[in-house]
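Single-letter residue listing:
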Amino acid sequence: MTSPLRALIVDDEPLARVHIRTLLSAESDIEIAGECGDGRDAVASIRAQHPDLVFLDIQMPELDGFQVVQALGGVDPMPMFIFITAHDEYALEAFRFYALDYLLKPVDRARFRETVARARTLLRNGHAPADQEQLQGLLDRLATRQQQGERLAVKTGGRILFLRVQDIDWIESTDNHVRIHMGQQVHRVRDTLSRLERRLPQTKFLRIHRSIVVNASRIKELQPWFQGDYAVILLDGTQLTSGRSYRRNIQRLLEQAS
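The structure displayed is predicted, hence computed values, not measured ones.

What counts, and where the lines are drawn
- Residues numbered from 1 in each chain as written.
- Predicted model: local features only at pLDDT ≥ 70, side-chain atom pairs only at ≥ 80, totals over all residues.
- Heavy atoms only, no water.
- Helix = DSSP H or I, 4+ residues; strand = E, 2+ residues; numbered from the N terminus.
- Buried < 20%, exposed > 50% of the residue type's maximum accessible area, 1.4 Å probe, protein only.
- Contact = heavy atoms within 4.5 Å.
- Areas by Shrake-Rupley, 256 points an atom, 1.4 Å probe, with all protein chains shown as cover.
- Arc of directions from axis to C-beta.
- Pairing = 2+ DSSP bridges.
- Right-handed = clockwise from strand over helix to strand, strands pointing away.

Moving on to the overall build of the protein chain. Each helix and strand in the protein chain was counted, giving 8 helices and 15 strands. Across the 258 residues that make up the protein chain, the buried fraction comes to 48%. Across the protein chain, every contact between residues at least 6 apart in sequence was considered, and the portion connecting residues at least 24 apart equals 56%. For the protein chain, the exposed area adds up to about 13600 Å²; of that, 47% sits on carbon and sulfur atoms.

Among the residues of helix H1 (residues 14-24), Ala-16, Arg-17, Ile-20, Leu-23 and Leu-24 are the ones counted as buried. When H1 is viewed along its axis, its buried side chains cluster within an angular range of 125° and face the same direction. Residues of H1 that are exposed and point over 90 degrees away from its buried face: Pro-14 and Leu-15. The secondary structure elements touched by the buried residues of H1 are strand S1 (5-10), strand S2 (30-36), strand S3 (53-57), strand S4 (80-85) and helix H5 (109-124).

Examined against the element boundaries, Leu-104 turns out to sit in strand S5 (residues 101-104). The spatial distance from the C-alpha of Leu-104 to the C-alpha of Asp-57 is 10.0 Å, given a sequence separation of 47 residues. Residues within four places of Leu-104 in sequence aside, it is in contact with Thr-85 and Ala-86.

A few words on the pairing of S1. The element S1 is largely enclosed, with a buried count of 5 among its 6 residues. Examined bridge by bridge, S1 and S2 share 6 bridges and lie parallel to one another. Its bridge partner being in S2, Ala-7 is matched across the sheet by Ile-32. As a crossover connection, the stretch from S1 through H1 into S2 is right-handed.

This is the structure in structure tokens:
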């Protein structure tokens, strides 16, 4: 008798995990090895349990789906990843190019069964899902895209919003969330400032404080403050204060403007 395939479900939304679990209940030869609500737990579970198949959400706080794959560099054998995404068309094209599969939210039952059938066939026939070189190629291409990207996908209030990067004024961290300021709109997102900063074009956004990232084009003036810090005045009159650990960034801005 063929042993069942073992699947891990990774998504920070409990209802999304329930949906995948329900869909998997109709697959008699697949057992659920576990569930994870964030990327760090996913890395630990994959290393410990060696599942055959991982349903992996891309948009997660702290460690997203791509970073989970990146963190698993030394795992052998690598599980087959089925990405769950609301990403843009470029990402979907990249998945196809690298022979990786994906499910688009909200996950459709027929599409789910088609994807699982394809994964089952590959795994049962002993085909490697995607080698590390393929996975790294995907990560590299997506990282380049993010650095040049015009939109930023963020999860907030049970939705995934695609924000135009050029419309972002500044971003601040508050507790376990970040607040993205865009004119009169403020989007509260469960994520870290450092992770969000890595997804923004480095040439356009400036870290001026451990809790503040600013769109450089929104800075109207700098006023010397105490002990080498600056008051950073934005075009809309918002006043922010730089931190001493980020003086080099302010200095770089001054050099670029001179």
